[in-house]
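Chains, contacts and geometry: an overview
Below, each chain spelled out in residue letters.
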Amino acid sequence: MTELLQEIHKRLTFAIISHPDAGKTTITEKLLLFGGAIHIAGAVKSGKNRRAAVSDFMAMEKERGISISSSVMGFEYGGRAINLLDTPGHADFSEDTYRGLSAVDSALIVIDSVKGVEDRTRKLCVVCRMRHTPIATFMNKLDREGKNPMELMDEVERELALEVRPVTWPIGQGKGFKGVYNILERRLILFTPGEVHRPGDFVAINDLADPLLDEKVGSSLANRLREDVGILSEVYPPFEKDDYLAGLVTPVFFGSALNNFGVGELLESLVSMAPYPTPKEADERTVTPEEERFSGFIFKIHANMNPRHRDRVAFMRICSGKFERNKTYYHVRSGKPFRTANPTAFMSQDREIIDEAWPGDIIGLHDTGTFKIGDTVTEGEALSFKGIPSFAPQIFRVIVNGDPSKEKQYHKGLNQLAEEGVVQIFSKPHNPNMRVLGVVGQLQLEVLQYRMDNEYGATCNYRPVDFEIAHWIDSDDKKALEQFVDDNERRILMDIRGNYIFMSDSQWTFERSKASNLAIRFYTTSEMVESRA
Ligand code: G4P
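An account of the accompanying structure is given in this report.

**Some details on the packing of helix α12 (residues 407–419) against helix α13 (residues 442–456)**
For the pair α12 and α13, the least separation of the axes is 10 Å and the interaxial angle reads 125°. Between α12 and α13, the angle is such that the two are oblique. You can see that α12 and α13 cross each other, and the crossing is right-handed. Here α12 contributes Q409, Y410, K412, G413, L414, Q416 and L417 to the contact with α13, which in turn contributes L448, R451, M452, E455 and Y456. Among the residues forming the contact of α12 with α13, the class breakdown is six nonpolar, three polar and three charged.

**Comments concerning the side chain of S504**
Within the fold, S504 resides in strand β30 (residues 500–504). Setting aside its immediate chain neighbours within four residues, S504 contacts F467, E468, I469, R491, T509 and F510.

**Some details on the sheet that holds strand β1 (residues 11–18)**
Ordered by their spatial adjacency, seven strands build an open sheet running β2-β3-β1-β4-β5-β11-β6, and the pairing between neighbours is mixed. Here the strands that pair on one side only, and so sit at the sheet edges, are β2 (71–77) and β6 (163–166). Here the strands of the sheet are splayed against their neighbours by 30° on average, with no regard to which way each runs. Strand direction decides the pairing type here: strand β5 (residues 135–140) and strand β11 (residues 249–254), joined by three bridges, are parallel. Within β11, the residue paired with F138 across the bridge is F253. Contacts between helix α11 (residues 263–273) and the sheet are confined to β1, β2, β3 (80–86), β4 (106–112), β5 and β11, with β11 contributing the most and set at about 155° to the helix.

**Description of the packing of helix α2 (residues 24–34) against α11**
Contact geometry of α2 with α11 gives a least axis separation of 10 Å together with a crossing angle of 70°. Viewed along their axes, α2 and α11 adopt a mutual orientation that is roughly perpendicular. Relative to α11, the crossing made by α2 is right-handed. Every residue of α11 that contacts α2 at I27, K30, L31 and F34 is listed here: V263, G264, L266 and L267.

Procedures and definitions
Residues numbered from 1 in each chain as written. Predicted model: local features only at pLDDT ≥ 70, side-chain atom pairs only at ≥ 80, totals over all residues. Heavy atoms only, no water. Axes fitted to C-alpha atoms, helices over the stretch in contact; angles between N-to-C directions. Helix = DSSP H or I, 4+ residues; strand = E, 2+ residues; numbered from the N terminus. Parallel < 35°, antiparallel > 145°, perpendicular 65-115°, else oblique. Left-handed = near helix turned anticlockwise from the far one by under 90°. Contact = heavy atoms within 4.5 Å. Nonpolar A, V, L, I, M, F, W, Y, C, P; charged D, E, K, R; others polar. Pairing = 2+ DSSP bridges.

Next up, the structure:
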């Protein structure tokens, strides 16, 4: 096997997605603990401290106790080099999350067993399904009195439109939670509150009739487990890894992240079944990881990660070939050469310089304004990877400089934060000085003001606009498009790539414009317009 293939067969790049509070941060921390990337003795610290310790960068996130930006954590386990992408769970940051999902090969959904499937999980799952991303499911908080496990399985099938396959099954719940039974491996993992469970701590049983089961969990729960497993085997076909890899079924695990229970079992399974780096679609062709020639794309830009060193980091997912430090590559959008002396890997919160990286890896590139989200870097081929769309914003504001003496800082901050994807900036085709901001959630407006002030010393004010719905537009008939733009001048904005956007004040006016302009196509993401351009 070539070195490239060996490295590809080690990589496991995945994201954890969930509704806020389901336990994503807790589970991330446990996974890092197993991987030796962090060392926290005994029980975890309080939520606020824990968040500060692991994955958050910004003061505002800490103040608000939410995770705003995706971060990347690398660790090794069971012979695999794992890249874990933490994605923001807050609804206002869905764009960042969607983009993060373009950089991974599989996802783990964490569900709070008390609350069941929640809104954010449902939305994120749609994106995964669209891309056929393999999904594993972890039912968390079994130490609390939650929904019936059978009911949870039904809920996932119904709400997430994914077929479920139980891999572990709970024995008791809440105060009576005794552990889980691994149906595939036929082993019992027993729960003792307050004790740290490591992968490998299990009791092997030959079959469910084994009296050892009664001895370990009591006859009543043992019989219940026998009954449950009997029903499961009738309801669900056996788990097939290929169906999971095709994104058709989700293996389900039960546990309690807070108690570090069931997480080891989950990690062992992920290491043995989660996909290697998968091929990625570019506009021109499909790029496979095994190709010798390097390619990668930028899916996230984060400015000022460390307030003490004003820096900007572009996050690149490597799609094919080997990436080498100091080698000259090709930045497709600008047509210019690109070379870096200090690419970094993300081992937990430390950043270390690396000499090489492989498909599946996510590396940080020190950036002085070269990159935009969606940019492709190659060894010379003009490729453009798909799947990093801008989503139509739902809130619009005219933005104005609040302090004329800080004009330079204002423009610099606004441009950098727009490139980072914090907000989208639009202009009027005939009035380029007027800038309109678009965001998917109110919180982004606050984040922008906070960061403009904190990082650039600039002030910005917002003024309302009376539009609510945005669509990217294009047409095969360029004359018809220009005519439409002229006729609707008041309603047209332009994005930073020069694509037109049509604004409506209600669904009704949109439907009416659409029906009377059949030559014009309307899209809710920029992806379609750009893939046709
Ligand atoms: P998130 O990143 O998905 O938003 O969730 P996070 O891990 O921060 O967990 C949300 C809350 O749920 C935390 O409580 C956390 O301790 C708790 N939690 C996580 N896993 C479990 C579990 O298995 N069982 C129980 N009972 N609780 C769990 P918090 O009150 O917000 O913080 P803390 O101060 O208790 O840490």
